[in-house]
Amino acid sequence: QVQLVESGGGLVQPGGSLKLSCAASGSIFSIYAMRWYRQAPGKQRELVATISSGGSTNYADSVKGRFTISRDNAKNTAYLQMNSLKPEDTAVYYCNQMRPFNSDYWGQGTQVTVSS
């Protein structure tokens, strides 16, 4: 039974920082690529960052230089460090573990709100 559980969301002021965690269970964590998505109301779900099993990373242009994706295989956990947050970053953030044939696993999401 694969399960992904996000945590770390909350309310922060513009310019602030937040670190999201995604705890995985029920899989051999180290062999799968991990991704963070986000979705704001009325908007398409957006791919924010990806980290491969080998540690290679990719970011959406909107977060480059501000966000960092990482993973700790010993803890079966992926992270998203978010710095210099903007109101436009407000969304529900979802953790994703990649699988072929449209069979990815998803977490329940964690709300990030950037507001003064």
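Just above, that's the structure.
Residues numbered from 1 in each chain as written. Predicted model: local features only at pLDDT ≥ 70, side-chain atom pairs only at ≥ 80, totals over all residues. Heavy atoms only, no water.

(A) Highlighting the sheet that holds strand S8 (residues 77-82). Here we have four strands laid out as an open sheet, ordered S1-S3-S8-S7, and antiparallel in their pairing. Edge positions in the sheet fall to strand S1 (3-7) and strand S7 (67-72), since each of these pairs with one other strand and no more. Taking each pair of neighbouring strands and ignoring which way they run, the sheet shows an average axis angle of 15°. Sheet analysis places S1 next to strand S3 (residues 18-25), joined by five bridges and oriented antiparallel. Across the sheet, residue Ser 7 finds its bridge partner in S3, namely Ser 21. (Pairing = 2+ DSSP bridges. Helix = DSSP H or I, 4+ residues; strand = E, 2+ residues; numbered from the N terminus. Axes fitted to C-alpha atoms, helices over the stretch in contact; angles between N-to-C directions.)

(B) Quick peek at the state of the cysteines. For the structure on display, the rule yields one disulfide. Here Cys 22 pairs with Cys 95 through a disulfide, and the sulfurs are 2.0 Å apart. A torsion of -80° about the S-S bond marks the disulfide between Cys 22 and Cys 95 as left-handed. With a gap of 73 residues between them, Cys 22 in strand S3 and Cys 95 in strand S9 (residues 91-97) connect regions that are remote in the sequence. As far as burial versus exposure is concerned, Cys 22 and Cys 95 are alike and both buried. (Disulfide = S-S within 2.5 Å. Buried < 20%, exposed > 50% of the residue type's maximum accessible area, 1.4 Å probe, protein only.)

(C) View of the packing of aromatic side chains. Taken as a whole and assessed by the stated rule, the structure comprises one aromatic pair. Ring centres of Tyr 37 and Trp 106 lie 4.9 Å apart, and the angle between their planes is 50°; on these two criteria the pair is classed as tilted. Residue Tyr 37 is located in strand S4 (residues 34-39), and its partner Trp 106 is located in strand S10 (residues 105-106); the two are separated by 69 residues in the primary sequence. A relative accessible area of 36% means that Trp 106 is categorised as partly exposed. A cation over an aromatic ring shows up here: Arg 71 above the ring of Phe 29, its NZ or CZ 4.6 Å from the ring centre. (Phe/Tyr/Trp six-rings, centres within 6.5 Å; stacked < 30°, edge-to-face > 60°. Lys NZ or Arg CZ within 6 Å of the ring centre and 35° of its normal.)

Structural measurements only, silent on function.
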